[in-house]
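Given next are the chains, with one letter for each unit.
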Amino acid sequence: MANIKLIVEYDGAGFHGWQKQPGLRTVQSELEQVIRTVLRGEISPLHAAGRTDTGVHARGQVVTFKTDLPVDLYRLCQGVSHLMKGELSVLSAEVVSDDFHPGWCATHKLYEYRILARPSPAVLDARRVWHIPQKMELAELQACAQALVGKRDFSAFRDSTCCASETVKTIFSSRFEREGDILVYRVIGDGFLKQMVRNIVGTITDIGRRRLRGRSIEEILESRDRRMAGVTAPAHGLCMAWVSYEPPPPVEKSGL
C-alpha cells in the first residue's frame, strides 16, 4: 500500500474548514471524493498537517492518503486540480514512507495574515484581506508581535471550544511587515491552538487601535484568560503558507 503525499493550495471561502463534517462541504470531504474519482477506486481517509477553520486559505497544506491502486502522480495532480474547478490545486505529489504523517511529523509551520490598512475597502482582494481603515503604527504592531516569541502558554489566545491538552507552544518568529497598503503578519511556530493566530492578530490590532488600553501582550499572556485578549480576526485574512519537516529555526532575537 503506497503512502501518497500531496501539497495543495485552496481558497477557503467555499469550504466549512478542512475537517469532514456531516452535511457540510469541507476540504477533506471534497478532496477525498475527487481523488477517488481520478483514481477510480478507494483510498484511506486523508490526513492533513493542520485543520484550517472555515474560510481560512492554504498555499502549502500537506495531505497524505494510502491506497493499493496504481497511481500516476502527474495525472493525479492534473486530474484533481481540474475537477476542483479553481478552488483547490495540487502543487505536487510523491510517494513517501509508510510512517510519514503530515501532522505528527511536522516540526514548524508558517501562517500569514493580511490586513488592508487604508480608508477604502478592497475589491480585487476582498476575500484575502481584513480591511481596517484606522491608522496603526507598524513599530507598535511589531513590538507586540515580538513579545510572543519564545516558549509560551497561549491559553489566552485559544478559542473557547479548543480542547487541546497542551497549551504551551514555541514561536520562533513573529513579525509585522508593510507591503504597500497591506500589513502582513507572519508567524512561525511548532504548533498552534484553535484560532490562535486569528486571536493574536485581533488582539494586536485592538492594541494598535487603542481598544485595549492599559493591556500589554505580556499581561494578556500571563493571564491565560481569553477574556483579556482582543477580538478574533476574520478567517478570510489567514493563510497556511507552508509546513516544514526539517529541524526548526532558532528562536528569533528581538530587533527592537
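Heads up: the structure comes first, above all this text.
Description of the structure in this document. Keep in mind that what you see is a predicted model, and the values were worked out from it rather than measured.

**Topic: the overall build of the chain**
Secondary structure assignment for the chain yields 5 helices and 10 strands. Its C-alpha atoms give the chain a radius of gyration of 19 Å, near enough to 18 Å, the size a compact globule of 256 residues would have. Counting over 256 residues, the chain shows a buried share of 51%. Across the chain, contacts joining residues at least 24 apart in sequence account for 71% of those joining residues at least 6 apart. Summed over its atoms, the accessible surface of the chain is roughly 12,500 Å², and 51% of this surface lies on carbon and sulfur atoms.

**Focus: the state of the cysteines**
Scanning the entire structure with this criterion turns up 0 disulfides. Residue Cys162 stays outside any disulfide, its sulfur separated by 6.1 Å from that of Cys163, the closest cysteine. Of the cysteine sulfurs around Cys239, a residue in no disulfide, the closest is that of Cys77, at 19 Å. For Cys239, a relative accessible area of 10% gives the class buried.

**Comments concerning the packing of aromatic side chains**
A complete count under the given rule lists 5 aromatic pairs for this structure. Here the aromatic rings of Tyr111 and Phe192 are separated by 5.1 Å at their centres, their planes lie at 75°, and the arrangement is edge-to-face. Placement of the pair is Tyr111 in strand β5 (residues 108-116) and Phe192 in the loop between β9 (182-189) and α4 (196-208), with a sequence separation of 81 residues. Here Tyr111 matches Phe192 in class, with each residue buried.

**With respect to the pattern of salt bridges**
Per the counting criterion, the structure on display carries 21 salt bridges. With a closest N to O distance of 3.7 Å, Asp53 and Arg198 form a salt bridge. Of this pair, Asp53 sits in the loop between β2 (47-48) and β3 (57-67) while Arg198 sits in helix α4; the two residues are 145 residues apart in sequence, bridging distant segments of the chain. Arg198 shares its class with Asp53; the two are buried. When the shortest N-O distance is used, the salt bridge between Arg209 and Asp206 registers 3.3 Å. In this structure, Arg209 and Asp206 share a single accessibility class: buried. When salt bridges with common partners are traced through the structure, they connect Arg59, Glu112, Arg114, Glu177, Glu179 and Arg186 into a single cluster.

**Observations concerning α4**
Over its 13 residues, α4 runs 18 Å from end to end, which matches the ideal 18 Å to within 8%, given 1.5 Å per residue. For α4, the buried fraction is high: 13 of the 13 residues fall into the buried class. Of the residues one or two after α4, Arg210 is the one with positive phi, at around 65°.

**Here we look at unusual backbone geometry**
Residues other than glycine seldom take positive phi values, yet Arg40 does so here, at roughly 60°. Structurally, Arg40 is set in the loop between α1 (27-39) and β2. Unlike most non-glycine residues, Arg224 shows phi in positive territory, near 55°. By secondary structure assignment, the location of Arg224 is in the loop between α5 (217-223) and β10 (238-244).

About the criteria used
- Residues numbered from 1 in each chain as written.
- Predicted model: local features only at pLDDT ≥ 70, side-chain atom pairs only at ≥ 80, totals over all residues.
- Heavy atoms only, no water.
- Helix = DSSP H or I, 4+ residues; strand = E, 2+ residues; numbered from the N terminus.
- Rg over C-alpha atoms; globule rule 2.2 N^0.38 Å.
- Buried < 20%, exposed > 50% of the residue type's maximum accessible area, 1.4 Å probe, protein only.
- Contact = heavy atoms within 4.5 Å.
- Areas by Shrake-Rupley, 256 points an atom, 1.4 Å probe, with all protein chains shown as cover.
- Disulfide = S-S within 2.5 Å.
- Phe/Tyr/Trp six-rings, centres within 6.5 Å; stacked < 30°, edge-to-face > 60°.
- Salt bridge = Lys/Arg side-chain N within 4 Å of Asp/Glu carboxyl O.
- Expected span 1.5 Å × (residues − 1).

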